Each structure stands twice: as structure tokens, then as C-alpha cells.
Protein chains: 2
Amino acid sequence: MDETRGLTYRDSGVDIDAQDRALARIKQIAKATFTPGVLSDIGSFGGLFAPEPDNPQGLVLVASADGVGTKLQVAQMMDRYDTVGQDLVNHCANDILVQGARPLFFLDYFAAGRLVPERLASVVEGLGAACRENGCALLGGETAEMPGLYQGEDFDLAGFIVGSVRRDRLLPRNVAAGDVLLGLPSNGLHTNGYSLARRLFFEQKGFQADTPLADLGCSVGEALLAVHRSYLHALIALAEDAGSGLHALAHITGGGIPDNLPRVLPEGVQAVVDAGSWAEPPLFGYIRREGRVPEEDMRRTFNLGVGVVLCVGRDKAGSILSALKRAGEEPFVMGELRAGTRSVVYA
Amino acid sequence: MDETRGLTYRDSGVDIDAQDRALARIKQIAKATFTPGVLSDIGSFGGLFAPEPDNPQGLVLVASADGVGTKLQVAQMMDRYDTVGQDLVNHCANDILVQGARPLFFLDYFAAGRLVPERLASVVEGLGAACRENGCALLGGETAEMPGLYQGEDFDLAGFIVGSVRRDRLLPRNVAAGDVLLGLPSNGLHTNGYSLARRLFFEQKGFQADTPLADLGCSVGEALLAVHRSYLHALIALAEDAGSGLHALAHITGGGIPDNLPRVLPEGVQAVVDAGSWAEPPLFGYIRREGRVPEEDMRRTFNLGVGVVLCVGRDKAGSILSALKRAGEEPFVMGELRAGTRSVVYA
């Protein structure tokens, strides 16, 4: 999940022109396949498909594909395989939640150089636990052994989720200047920024996975493997209630707030974010300081403690904050929307 | 697609007991996630999910995940990347067709050590062409760059398809002793048996991708890259017509006829196949002869020229054969069903 199509290749050193041409071509190819059921464009968090395109209250299917990215390599260092399965399902569930959808089912793809049955079972254990937590059926999967592609017991893991939402409950809806931005905390890196974090901890610092981090009260490996949270239970009721005042949700993944929040903003609407309005978890401060990472890179690489951003109507902000707190969440007001270029600016 | 869950690990040298325990655990884990919408068990060609479980005529979603397997490595040798995208979509479309479903949408997962934009675009070109051919929207995808997992420009490709079928049109239906078995030709290895074929051609024989194969009138690479056929247009009308006499379809993938045909048979029904009833393409004879591959292994590794098997009511076999021929297909009668242990026997 270090990259998603549309945000891909950043910092990878590839020819930017070639990449832009390829992306433009990919969008064109995809568009040429679109049937009347397709409601979304390539680049939204999840793809939207209406089996009954003419029914305004019909069911819309929301689908998303994702991988775990290089967090897998931390799991391998820790020899612990259940958490990446949870990361993957929760990430996928969040990606469709931000369009208002509740998960229906999930399928996985697991490919390895040599299949270690206990390891596969452990990965599936994590997938199953998170599927249960998200009310989502683990409907199937594909397992492949490809010794020529993957070294030894190395493996990759990808997932695919399908959820549904009533068409008139799709998010975003009614986003406008004047809306208030609320945030819900992340509980770690989630699934983004692992290339940078691994470089810092394991190459520059020479740490092992079990090296204790005094600032954090746990080992490097434990800090980096913290499971990506699902926001389904915190937010689905607000999403499904047309009168709740919730206008949009942005899942903060690769690209951080500056790349993900604009995806739910209409043209002419700008987000003003107060970066001092939430308590940044110490792991990010440690990475910024020890890696001497410029603030701009921190913001575009990490969630910095914000797992999801809510755009809410100003008159409903108070009641939504109260509802979230009653549900045991720790929401914070982190900014607002105003007229301006579709982007994020920091106050 | 060399392995699918349930058929996995064959010949891979892993501890069979450990593998059986892991598979049993995986099935148990998946089952524990099942919600009322789930209509299928793990192990069918595609997973079945009914968004309205109480509606007997409601829509059933059929979903399947797949990879391309080691056919990717032949593509890499040929430096040709559009065909594997077509293989993947067609394979997925066939896997849900055999449950009666028409594709709605497809998503891909593309992961590489280093992303080569033109190569990704070429893969997506193939995905797009096959999506258009199958009336299926290319709804999204995920691209990941993971230099620590994949070497250089190596990549893996997986796909996820969702289709739909009216619940009362699901296949298989009414399969019984007395049914006639029809076959439709494959046009090559499709996506199975590549580990064995690559070992033979490139290791034992020391061939290059462009080595000509006199028996076949093309190069090794061309023979091995032949695109996996989609059977959607040939068969969907029969599947959607409750009175057509079509009872079941089996997509012949890893495990061949002996492993795939029983998946659509009820207990107490046995398939009797006459292996001499169709013209086996010369590529398989070449592999059998030059690789000195035992017949049993040939049958469980390759499709041997049969891409899909139809179980049809005896009284409708003639009209189905005629309809398929009118549609430009070359169907053949290849056996029948009788009372017996659920399995395939060769006449």
C-alpha cells in the first residue's frame, strides 16, 4: 500500500514523462472498458459499479484492490504473519468506507517462492479475524508458488474487497466551503511509509526488529507492525444517515493528508489544516528527528497520527464530535474548508 | 494460475500433513467469517454472494481471484507483456462463467521490483482488450513497487473479477448420471503447466524463446504465450437459458480434467471420459514425448486440448452441439456421466 495508482512512482527515480504517459494511457484504456454500470473514475478510493444503473436508490458495489507493501518485510523480520492479514482487510475496508460502503466480501492473493503452510495459515488467520471484525465474508482466494519469481520463503499478499452502499448514500456528498474537518487518530504507520521507515531503522541505525525504542516503550518491530485500524464501526452509522451532517471521509494512506484529502474536495474548495491540532504519536517525531526528514516529506509519506479525515457540516460538527466520543473514539477538530484552489494548505 | 487453493502444493515437496492441516485450518477460518449472503463453500471455481439472501430470484455475485503464475516468466523471456493481461482476465471470466455468471468488473494488482511504465501500460493494454471482449469494466487496480521483494524489473500480476447471475440460473444445476459430456477446444496451455513446460523447453532442451518448433510451425515462446481463451460468448446464452439443457461447466485449469470436472459433479456421479474423442494439439504430444511425462501426470498438469467441459442433458446434446457449431465453435462429444464414485475415469 506504499503506492496506489495515480500516486504511484513518487521518489522512485523513474522517468516522470514516461510515467505520466503510461498513466494517461492506462486511464484511457480503462475508460474504454467502462460499461453503463460504472459510476466512478479511475483514481477514487474504490471503484463504483451499479448493477442496476437506472435505479437511483439501487445498490452500488464499491470495490478496491490493495497490497500490504513493504510492511511485509517487517513481518518477515519479526517472523509474525497474522497482523499483515489484518492490515490488508482493514485498509481495504477503510478504502470503501470512505465512499459510504459496508464490506460484503473479501478475496486474497498469496504468492510465495516456497509455500510454508503454517505461515499461509497464519496470514489467513489475520485475514479471517479482520473479516469478522468488519462483518465481511472471506469468500475465497488464490495461492501460488513461484520459486522463479520470489526468493525462498518470500511472499506477497494482495486483497480485494467488495462492499455496497445505497446510491443515495454515497460519499462524498454536499462537501462545501465552511465545512469543518475532524480527524480520528491512526495507531501507527498503518500501511504507508515503510520504505522510508525501514531505511532509517534497519539501514541507517542498524537496529534489529527487537531493538527497544525508549521513546515508545516497545521494540522497533512492535512499533512498525501495529495493525492498521478499521474505522468501519466508528463511522458507518454517520455515513448511512443522510441527515448526519457527514459530507466526506478521506482515508489517509500513501501521500498523506496533502494527497488524500483533495480527492474528496470539489473544484474551488481548499482544506486548511492546523497541524498542531492533534497529538502526533512519538514514532513520527522520532522518524522526523533521527532521519532528518523535511516536514514536506513527512506530510506526504506518513499519516502523522491521522487515520481518517471527516468533512462535516458546520452546524453538525458538535453533535458528530459528541457521537464519536460516546462511541469511545478520540476525535479532534483539525481545520476547515474554504473557497480556494482544490488542495490542502497548513495554517 | 498453476495452483488454486484446494489444489495447491502438488509436487512442491512440502510436508503433506502440514499442508492438509493448514488447508483445513484455512477453510475453518473462512467459514467462521461467513455471513448470510454467502452461498458457496471455499473450493468452488468462484465464491458466491447474495446481497439479498432471501430473494430466490435475486442477483448473486460471483467473485474470483487469480494470478498468471509462471507464464509471466515466458512473457518476460519474450519481452512481450500484453498477452498475460488477456490471459488473466479470460481465466477469471471463465472461472465465473462456469457458475453461470457474466462479468461485471475486474481489478488488477501489479507489483514489481522496479516499475517500468511502458511495461505496466502494456500489461494494462492486455487487461483492457480482454475486459472489452468480455463486456467487463476495468474498474481499478493497485500498483506497488517493492524492490526488496522482487528482483530488478520482475513483476507479479493478479486479478479479481466480479460477475453476476440470477440465483435461479446458477450452474451447476440438475447434473445427473446419463448426462453427455461435451468439450470445447483450448488453444494452448492456457495458464497451467508452465513450471513443467519451462523445465522441459528451457532447462532440459536448452531452447530459447525464439527456437522454432518444427512440429508446431512457430517458436517455443509463441506456442507457450498463446492467449488463454474466454468461453463467455460461446456459452453464456446456454447458461442463461434455464431450458437449454446445459447442466454444468468445468473450466479445465491446474489439475486437468481429473481434478476440475469432479468439482461440478454431485456425490454418486462419475464421469467417463474417452481421451481419444478429441484432437489433442501437437504441443502436448511434444511435451509428453520429449519430456517422457507419464500419462497420469500429463492429465493432471495440462488441459490436453480441452478448455471447458459441458455436462448436458442427453435429449439436448444434439441441439447444443448444433448451436455451438453455428456459433463457429468446434465442440466434441467426450464422454458421459454414470452412477459411481464422484471422480473421472478414462474409457
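Residues numbered from 1 in each chain as written. Chains lettered and ligands numbered in written order. Predicted model: local features only at pLDDT ≥ 70, side-chain atom pairs only at ≥ 80, totals over all residues. Heavy atoms only, no water.

**Student:** Outline the sheet that holds strand β1 (residues 47-49) of chain B, listing residues and values.
**Tutor:** Residue and element names in this part refer to chain B. One open sheet holds the five strands; their spatial order is β1-β2-β5-β3-β4, and the pairing between them is mixed. Both outer strands of the open sheet, β1 and β4 (137-145), are each paired with one neighbouring strand and no more. The sheet shows a mean angle of 20° between the axes of neighbouring strands, taken without regard to direction. As judged from the three bridges shared by β1 and strand β2 (residues 59-67), these two strands associate in the antiparallel manner. Residue pairing across strands places G47 opposite A63, the latter belonging to β2. (Pairing = 2+ DSSP bridges. Helix = DSSP H or I, 4+ residues; strand = E, 2+ residues; numbered from the N terminus. Axes fitted to C-alpha atoms, helices over the stretch in contact; angles between N-to-C directions.)

**Student:** Before we move on, can you summarise the sheet that holds strand β10 (residues 269-273) of chain A with the specific residues and values?
**Tutor:** All names here are of chain A. Taken in spatial order, the six strands line up as β9-β11-β6-β12-β10-β13 in an open sheet, and their pairing is mixed. Unpaired on one side and paired on the other, β9 (246-251) and β13 (344-346) mark the two borders of the sheet. Each strand axis lies, on average, 30° off the axis of its neighbour in the sheet, ignoring direction. Strand direction decides the pairing type here: strand β6 (residues 180-185) and strand β12 (residues 332-339), joined by four bridges, are antiparallel. Bridge pairing links V180 to E336 in β12. Contacts from helix α11 (residues 317-326) reach β6, β9, β11 (306-312) and β12 within the one sheet, and its direction differs from that of β6 by about 10°. (Contact = heavy atoms within 4.5 Å.)

**Student:** I'd love a proper account of the packing of aromatic side chains, names of residues and values included.
**Tutor:** This structure, assessed with the given rule, holds 16 aromatic pairs over all chains. Ring pairing ties together the aromatic residues Y81, F110 and F155 of chain A, which thus form one cluster. Between R299 of chain B and the ring centre of Y346 of chain B, over which it is positioned, the NZ or CZ distance is 3.6 Å. (Phe/Tyr/Trp six-rings, centres within 6.5 Å; stacked < 30°, edge-to-face > 60°. Lys NZ or Arg CZ within 6 Å of the ring centre and 35° of its normal.)

**Student:** Explain the packing of helix α5 (residues 194-204) of chain B against helix α9 (residues 282-290) of chain B residue by residue, including any values.
**Tutor:** All names here are of chain B. Where α5 contacts α9, the axes come no closer than 11 Å and their chain directions differ by 65°. By the angle class used here, α5 and α9 are roughly perpendicular. In the crossing of α5 with α9, the sense of the turn from one axis to the other is left-handed. Touching L196, A197, L200 and F201 of α5 are L283, Y286, I287 and E290, all from α9. (Parallel < 35°, antiparallel > 145°, perpendicular 65-115°, else oblique. Left-handed = near helix turned anticlockwise from the far one by under 90°.)

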